[in-house]
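Letter by letter, the chains look like this.
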Amino acid sequence: MDFADFADRVDDIETEPADLEVTSLVAALLDEAGTDLPVVVRLLLGRIVPAWDSTTLDVGPSRCHEALARAAGPNVTADDVAEALAEAGEIGAVAESLDTGGQRGLAAFGETDPDPLTVVEVHDRLRSLAAAHGSGSQDRKVDALFGLFNRADPVPARYLARLVLSEMRIGVGEGTVRDAIAEAFDVPVDAVERALQVTNDYGAVAVRARDEGRPGLDAVDLSVGRPVRAMLAQAGTAADAVEAWDAVAVETKYDGARVQVHHDPGGETAVYSRNMADVTDALPEIVEFVADAVDVPAIIDGEALAVDVSGDPLPFQEVLRRFRRKHDVARMREEVAVELRAFDCLHVDGTDLLDAPLHERRERLEETLPSAVSPLSVTDDPDEIADREADALDAGHEGVMLKNPDATYTPGKRGRNWLKRKPDVETLDLVVTGAEWGEGRRANHLGTFLLSARDDRAGGDDFATIGKVATGISDERLADLSERLEPLIRRQDGTEVSLTPSVVFEVGYEEIQASPTYGSGYALRFPRFVAVREDKGPEDADALSRIERLVAD
Ligand code: AMP
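Residues numbered from 1 in each chain as written. Predicted model: local features only at pLDDT ≥ 70, side-chain atom pairs only at ≥ 80, totals over all residues. Heavy atoms only, no water.

(A) Region of interest: the packing of helix α1 (residues 3–15) against helix α2 (residues 19–32). Running from N to C, α1 and α2 cross one another at 165°; their axes reach a closest spacing of 9 Å. When the axis of α1 is compared with that of α2, the two are roughly antiparallel. The chirality of how α1 crosses α2 is right-handed. Here α1 contributes Phe 6, Arg 9, Asp 12 and Ile 13 to the contact with α2, which in turn contributes Val 22, Leu 25, Val 26, Ala 28, Leu 29 and Glu 32. Grouping the amino acids of the contact of α1 with α2 by side-chain chemistry returns 7 nonpolar, no polar and 3 charged. (Axes fitted to C-alpha atoms, helices over the stretch in contact; angles between N-to-C directions. Helix = DSSP H or I, 4+ residues; strand = E, 2+ residues; numbered from the N terminus. Parallel < 35°, antiparallel > 145°, perpendicular 65-115°, else oblique. Left-handed = near helix turned anticlockwise from the far one by under 90°. Contact = heavy atoms within 4.5 Å. Nonpolar A, V, L, I, M, F, W, Y, C, P; charged D, E, K, R; others polar.)

Structure (structure tokens):
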């Protein structure tokens, strides 16, 4: 396909306002692309390599301006191009207006080929630019770009310039291309979607859909060495999790950077970031660790965590100092150590696990990797979730992740099967007005604490109850609290005591609900002890009016 024809079609697509019509125009273009199909798909998405390939053209705007100016003739300078860009706001419009394509100075650059540019030629030339490194490569890139612009009329020049600067912006996103592949080759969208998730190669998937139909798409496998999009999490609460699933898998949420480790025992071990960039060279400890520990081909999903000498987690910023680092890796390794915390497994020894439930993937992970697997507990008890969260926070981690043990791995999806439960942003300062004696090991201590807000309603009592908190409190803290609260006991009824208001707790919670259970008319869902507010007395506690405002928000 000639690049000029492609550009005309893309022009139609760009100016079409109706989404469905855009999909049909793209589908028609794919249908006619013939052997150029993979290239056409890539160029439509503004790429010259598949999404998982981190190769970039490495051509800055000023080089592109230089090449455009040269192709536009002796009266135009790179500064003119930059100025026009400032006005137009978009390189395509500038390139289109420059009257390139005059084939100026072809002989001087040894370009004697008068054939029209084809999509494949544009693609291949841009790819070879991407591969050019070393001294003088930037000048060679400008020469080569000049050669291309020199053969491009205004409309093709518009898209060529946008491709060079990775700014295609024709309103065709990945979803449109997915739908267009399905429409063009009469295959189900779901099958295209799955193949895309597995390969991240739109060109290759389009060819499969056309040549092999649905069976071909279904047969697409993971490949060790080719990264997969990471499954993502939504924000959610313990209540959401226990309501939605029979049981909840609870894991520590590490404050590090996502990594996907691809290990081939006979070959390489590679590490990819959440965006599928190759970060292998920056994280030699993780490469060495997995290469040593794993003796089958595997794709492992996890978090790279910076740790101090005693293995305690360091803040996220420390991992960033290591991530993507190209120079001085050995020295940085001395300064900031990085460890793997593995939490999922997508492939082991020839078996793809994307469609297996989490509990099975975890089993395979534990068999494959003897250590560095993040501990997981399965429960349907919100208190246990809160306890795990308190432990995770105490150990310096970010919080917990809640996962559906029966869910498959859905690459690239921010679905409802993984919930990130970060600590509450908002906490309340509430007065302890009652308590209950504990049971078993905690029988000698006051355990569950009754919480009250200041009652500032007209005619209200001093304090109005709003909930009970029992979770998030260590044994040591419990002993200390009992000692402080016992002298405040005013009345005892069975195991329940009422207390003179004195001590103020800072309490986290997931939600405030209207409820007849407590005097305030509200109840906290999943309250969690955060701290004793030593600096506050009962008169400084949060008032009901604040709680009413929070409910209204
Ligand atoms: P966020 O970046 O806030 O959207 O949270 C999701 C991220 O948490 C994931 O992409 C991981 O990098 C990270 N994470 C930390 N610990 C875990 C875990 N146990 N399971 C899944 N993701 C985790």
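The structure having been displayed, the exposition proceeds.
(B) Just the sheet that holds strand β9 (residues 399–403), in detail. Pairing is mixed in the open sheet, where 5 strands are placed in the order β1-β10-β9-β2-β8. Strands at the two margins of the open sheet, each flanked by one partner only, are β1 (232–235) and β8 (376–379). With direction set aside, neighbouring strand axes in the sheet form an average angle of 40°. Across 4 bridges, β9 lies against strand β10 (residues 414–421) in antiparallel orientation. Bridging across to β10, Leu 402 finds its partner in Leu 419. (Pairing = 2+ DSSP bridges.)

(C) Spotlight on the sheet that holds strand β4 (residues 269–273). Sheet architecture is open: 5 strands sit in the order β4-β3-β5-β6-β7, paired in antiparallel fashion. Bordering the open sheet on either side are β4 and β7 (351–352), each of which pairs with just one other strand. Packed onto the sheet, helix α14 (residues 284–293) meets β3 (257–263), β4, β5 (298–307) and β6 (337–348) and runs at close to 50° relative to β6. Sitting on the sheet, helix α17 (residues 358–368) touches β5 and β6, and the angle it makes with β6 is about 125°.

(D) The site of the ligand, seen in detail. As a matter of local geometry, the ligand sits amid 14 residues, with Glu 251, Arg 258, Glu 303, Lys 403 and Lys 420 nearest to it. Here an oxygen atom of the ligand and a side-chain polar atom of Arg 258 are 2.9 Å apart. Surface burial for the ligand is 90%, taken as the share of its 500 Å² of free accessible area covered by protein chains. Contributing elements (two or more residues each) for the shell around the ligand: β2 (248–253), β9 and β10. (Near = heavy atom within 4 Å. Polar contact = N/O pair within 3.5 Å; in protein donor to acceptor, adjacent residues only side chain to side chain. Areas by Shrake-Rupley, 256 points an atom, 1.4 Å probe, with all protein chains shown as cover.)

(E) Local environment of unusual backbone geometry. The backbone phi angle of Asp 58 is positive, close to 55°, even though this residue is not glycine. Position of Asp 58 relative to the elements: it lies in the loop between α3 (37–44) and α4 (61–72). You will see that Asp 328, though not glycine, has its phi angle at about 55°, which is positive. Inspection of the secondary structure puts Asp 328 in the loop between α15 (316–322) and α16 (329–335).

(F) Inspection of α4 at higher detail. In this model, α4 (12 residues) spans 16 Å end to end at C-alpha, consistent with the 16 Å of a helix rising 1.5 Å per residue. Buried residues of α4: Cys 64, His 65, Ala 67, Leu 68, Ala 69, Ala 71 and Ala 72, and no others. Those residues of α4 hidden inside the fold are in contact with α5 (78–88), α6 (91–97), α8 (137–149) and α9 (154–164). Gly 73 lies just past α4 and shows a positive phi near 110°. (Expected span 1.5 Å × (residues − 1). Buried < 20%, exposed > 50% of the residue type's maximum accessible area, 1.4 Å probe, protein only.)

What is shown is where atoms sit, not what they do.
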